[in-house]
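Now for the letters of each chain:
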Amino acid sequence: LPRRPVTVELRGAQAAYRPGGPLALDGLDLELTPGRRVAVLGPTGAGKSTVAALLLRFIDLAGGSATLNGCDLGRLDSDDIRVALRGLAQDAHLFDSTIRANLLIGAPEATDPELAGVLARVRLSGWIASLPEGLDTPVGAHGATLSGGQRQRLALARALLSDPAVLVLDEPTAHLDPENRASLAADLLAVSRGRSTLLITHDLIGLDQVDEIIVLSDGRVAERGSHAELSRFGGLYHHMLRLSGS
């Protein structure tokens, strides 16, 4: 298994969803050193989610390199990679079981105090305390008995419980209403502080807190820098800020 601390690097990374097909990602450099947080932005189809798919080994490189602690990702077992890198997608899956069982998928040996601690971090403690069956409440097929915000927060708690070295958040606030989107985005930034994090998002909330912002367009890097740098630059990020009213 990859030893900590963990550094993930992409150099000139290219990716396609079928051999010989068009490149969904073309020439991306990315460095996630311990504790560093990077946000990847861009319009639909820009290649943002391809970055997550590449790091989590759902697709393979078409060119360039991808390494974890200097070792080629392609030489590592996918399950081992996902011990070090844990993903949270916009449609994170919940099993037709209880809240407790869904959490324990991330850490089977976790104790009730540990579950309570991670639930407090994602602001679910009050809601769970209000449930007659508490942690033993069924969530229904695909979490059907929960709201969208509750599903995402529960999936985030599960990811945090496994204590990954790198957290890969792929559009985690998509499909939520504006209030829940803003609340979850703020909490994601709070719980990821000090942890290597790749945040793939349309939301611009709190991006002044990340170390670097990469803006993609048609699979290529259009611009990159800090929030302060890009907001002054007058490019795509500046335009996105103006459209969002930020």
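Our subject is the structure listed above.
One structure accompanies this document, and this report is about it.

The element helix α1 (residues 48-55) is largely enclosed, with a buried count of 7 among its 8 residues. Listed as buried for α1 are K48, T50, V51, A52, A53, L54 and L55. Note on α1: the residue one or two positions beyond its end, R57, has a positive phi of about 65 degrees.

Here we come to the environment of L216. Tracing the backbone shows L216 in strand β9 (residues 212-217). Between the alpha carbons of L216 and I205 there is a distance of 18 Å; along the sequence they are 11 residues apart.

We now examine the sheet that holds strand β4 (residues 61-68). Two modes of strand pairing occur in sheets, parallel and antiparallel, and in both the strands are linked by backbone hydrogen bonds. Read from one edge to the other, the open sheet built from 4 strands follows the order β2-β1-β4-β5, with strand pairing classed as antiparallel. The open sheet has two edge strands with one neighbour each: β2 (23-32) and β5 (71-72).

Once that is clear, we can look at the side chain of R57. Its location among the elements puts R57 in the loop between α1 and β4. At a separation of 3.4 Å, a polar atom in the side chain of R57 contacts the side chain of D60. Discounting residues that sit within four places of it in the chain, R57 has contacts with L73, G74, L76, S78, I81 and R82.

Let us look at the sheet that holds strand β7 (residues 166-170). Strands sit in the order β6-β7-β8-β3-β9-β10 across an open sheet of 6 strands; the sheet is mixed. Single-partner strands in this sheet number two, and they are β6 (85-89) and β10 (220-225). Shown here is a sheet whose adjacent strand axes are inclined to one another by a mean of 15 degrees, direction ignored. Examined bridge by bridge, strand β3 (residues 37-41) and strand β8 (residues 196-200) share 4 bridges and lie parallel to one another. If you follow V38 over to β8, its bridge partner there is L198. Across the face of the sheet, α1 comes into contact with β3, β6, β7, β8 and β9 while running at roughly 140 degrees to β8.

The rules behind each value
Residues numbered from 1 in each chain as written. Predicted model: local features only at pLDDT ≥ 70, side-chain atom pairs only at ≥ 80, totals over all residues. Heavy atoms only, no water. Buried < 20%, exposed > 50% of the residue type's maximum accessible area, 1.4 Å probe, protein only. Helix = DSSP H or I, 4+ residues; strand = E, 2+ residues; numbered from the N terminus. Pairing = 2+ DSSP bridges. Polar contact = N/O pair within 3.5 Å; in protein donor to acceptor, adjacent residues only side chain to side chain. Contact = heavy atoms within 4.5 Å. Axes fitted to C-alpha atoms, helices over the stretch in contact; angles between N-to-C directions.

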